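Here is what each chain is made of, one letter per residue.
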Amino acid sequence: MSEVLFRCEGVGRRYGETPVLHDCTFSLSAGSFTVLIGPSGCGKTTLLEIIAGLQPHEEGTLWLNGQRVDTQDAQKIAVVFQDPILLEHMSVQENIAFGAPDRPCGDTAAKVEEIADLLSLSPLLERRCDQLSGGEKQRVAIGRALMKEADLILMDEPFSALDALLKQRLGDRLSELQKRLQLTILYVTHDQREALRLADHLIVMNEGIIQQQGTPREIYEHPRNLFVAGFIGHPPMNLVEARLEEKKLCFFDVALPRPEKLQGCPLSKVIVGIPPTLIRLDGDLGAGICRSMQYYGSQLQASIEWQGATLQVLMELHALPAAHVSIGFDPAQCTYFDPTSGQVIDGPGRILSKK
């Protein structure tokens with residue numbers, strides 16, 4: 001298991017009387033690529049700026065390499081912003097070198113060339129930064145962060161202003177560099193696909209609270225509350241209300257045997273989380289109507305009206321649905337939530353607590 005490089009313990013932040021971060025606690029392993037994801041306004045950038053020393057915090061502590069960094073050591077943390085902050089009148093070479101710690105000039109020049117090669121910037125070293133494209137500027141900003149030789153690199157939606165294809169290419173290059181150089185990165189985004197593609201560890205935030213942490217697969221397959229279930233994934237999990245009657249799980253007019261996860265559950269209603277890939281269109285759980293389809297190259301996404309709900313279904317191209325279908329899914333593979341608390345029902349009759 002990798003050593004813990006950075007730890008955020010109980011960090012809280014207020015703007016006047018308004019709390020914006022609540023008891024944020026997480027750790028980053030050395031050499032990990034951690035993505036902090038959540039909707040706009042949830043506190044992601046605020047938390048990142050507190051770690052960078054750009055904002056104060058009223059509660060909690062920050063630790064880097066076992067030492068408190070609440071009064072942050074600027075040499076240990078590098079930041080790449082959403083809009084690259086470059087010295088536009090200077091060359092690519094000069095901008096990358098600007099991030100260098102004190103060292104002999106010859107060593108600095110050699111390091112600049114090495115980083116430029118890693119980022120495919122070598123042909124552009126003499127070019128002024130005001131003559132670069134958006135993607136090239138962001139690579140220069142990343143190069144300057146690498147030049148700093150920081151222990152931790154913070155990135156605040158660095159590719160959000162780029163077109164989709166370039167965004168994916170630069171994300172893939174960053175992931176390759178992170179693994180090759182064993183960089184420790186904390187990366188902020190609200191983009192579902194980007195987060196699931198890049199992260200080896202995911203932190204999900206909402207309303208200033210960390211909702212869940214884990215690998216992308218753990219969080220996608222085992223969300224701990226309704227927010228995570230309805231937010232993570234493209235499309236996210238389908239959430240459908242159902243009744244619990246004696247030994248049955250009942251939708252509008254479809255009754256199924258109560259699954260093991262709900263045995264002993266005292267609730268009269270639950271929210272059923274059905275993954276889009278779990279749903280079949282040749283099942284025996286009642287008729288559905290296909291309202292629309294979206295083509296994604298290798299997959300189709302269909303919107304199916306069933307039992308008063310609209311289900312999002314992912315399928316292969318050859319499985320083109322008819323207008324009228326028959327829904328099927330395995331209730332044992334669904335996730336169940338308490339509609340009042342929003343928490344997952346974690347095993348027979350057990351509702352997971354919020355902490």
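Look up: the structure comes first, before these words.
This text gives an overview of the structure that appears in the document. Quick caveat, the model's predicted, so the values are computed rather than measured. (Residues numbered from 1 in each chain as written. Predicted model: local features only at pLDDT ≥ 70, side-chain atom pairs only at ≥ 80, totals over all residues. Heavy atoms only, no water.)

Moving on, we get to the pairing of strand E7 (residues 152–156). Counting buried positions along E7 gives 5 out of 5 residues, so the element sits mostly inside the fold. Every second residue of E7 is oriented toward a common face, with Leu 152, Leu 154 and Asp 156 on one face and Ile 153 and Met 155 on the other, all of them buried. As paired elements, strand E6 (residues 77–80) and E7 share 4 bridges and run parallel to each other. For Val 79, the partnering residue across the bridge sits in E7 and is Leu 154. The pairing of E7 with strand E8 (residues 185–189) spans 4 bridges and is classified as parallel. Within the sheet, the bridge partner assigned to Met 155 lies in E8 and is Tyr 187. After leaving E7, the chain enters helix H5 (residues 164–181) and then returns to the sheet as E8, a path that is right-handed. (Buried < 20%, exposed > 50% of the residue type's maximum accessible area, 1.4 Å probe, protein only. Helix = DSSP H or I, 4+ residues; strand = E, 2+ residues; numbered from the N terminus. Pairing = 2+ DSSP bridges. Right-handed = clockwise from strand over helix to strand, strands pointing away.)

To continue, consider the sheet that holds strand E16 (residues 299–306). The strand order across the open sheet built from 4 strands is E17-E16-E15-E18, with neighbouring strands paired in antiparallel fashion. Strands at the two margins of the open sheet, each flanked by one partner only, are strand E17 (309–316) and strand E18 (324–326). Ignoring strand direction, the axes of neighbouring strands in this sheet form an average angle of 40°. Across 8 bridges, the pairing between E16 and E17 is antiparallel. Within E17, the position partnered with Glu 305 by the bridge is Thr 310. (Axes fitted to C-alpha atoms, helices over the stretch in contact; angles between N-to-C directions.)

Attention now goes to the environment of Ile 327. Among the structural elements, Ile 327 can be located in the loop between E18 and strand E19 (335–337). Taking relative accessible area as the criterion, Ile 327 reaches 0% and is therefore assigned buried. C-alpha of Ile 327 to C-alpha of Glu 305: the two residues are 22 residues apart in sequence and 9.8 Å apart in space. Setting aside its immediate chain neighbours within four residues, Ile 327 contacts Ile 279, Arg 280, Leu 281, Gly 283, Asp 284, Leu 285, Gly 286, Gly 288, Ile 304, Trp 306 and Leu 311. (Contact = heavy atoms within 4.5 Å.)

Below, the discussion takes up the sheet that holds strand E2 (residues 18–29). Read from one edge of the open sheet, 4 strands run E2-E1-E4-E5, paired in antiparallel fashion. Edge positions in the open sheet fall to E2 and strand E5 (67–68), since each of these has one partner strand only. The pairing of strand E1 (residues 4–15) with E2 spans 8 bridges and is classified as antiparallel. By the bridge assignment for E2, Phe 6 is matched with Leu 28.

Cis geometry marks the peptide bond from His 234 to Pro 235; its omega dihedral reads 0°. Examined against the element boundaries, Pro 235 turns out to sit in the loop between helix H8 (226–231) and strand E11 (238–245). For Ser 120, which is not a glycine, the phi torsion comes out positive at approximately 55°. Residue position: Ser 120 is located in the loop between helix H3 (105–118) and helix H4 (134–147).

On to the nonpolar core. Grouped together as the largest cluster of nonpolar side chains are 44 residues, with contacts concentrated most on Val 35, Ile 153 and Tyr 187. Once residues within four sequence positions are removed from consideration, Ile 153 is found in contact with Ala 78, Val 80, Ala 145, Leu 146, Leu 183, Thr 184, Ile 185 and Leu 186. Counting 30 residues, the second-largest nonpolar core is a separate cluster that includes Leu 244, Leu 285, Ala 302 and Val 313. (Core = buried A, V, L, I, M, F, W, Y, C linked by side-chain atoms within 4.5 Å.)

Bringing the packing of aromatic side chains into the picture now. The final tally for this structure, using the stated rule, is 7 aromatic pairs. Seen in terms of ring centroids, Phe 6 and Phe 26 are 6.2 Å apart; in terms of plane orientation they differ by 50°. Their pairing is tilted. Residue Phe 6 is located in strand E1, and its partner Phe 26 is located in strand E2; the two are separated by 20 residues in the primary sequence. Taken as a pair, Phe 6 and Phe 26 share a single burial class, namely buried. Ring centres 5.2 Å apart and planes at 15° place the aromatic pair Phe 227 and Phe 231 in the stacked group. In this pair, Phe 227 and Phe 231 both sit in helix H8, 4 residues apart, roughly one turn of the helix. Looking at Phe 231, the relative accessible area reads 17%, which means it is buried. The side chain of Arg 193 reaches across the aromatic face of Tyr 296, ending 5.5 Å from its centre. (Phe/Tyr/Trp six-rings, centres within 6.5 Å; stacked < 30°, edge-to-face > 60°. Lys NZ or Arg CZ within 6 Å of the ring centre and 35° of its normal.)

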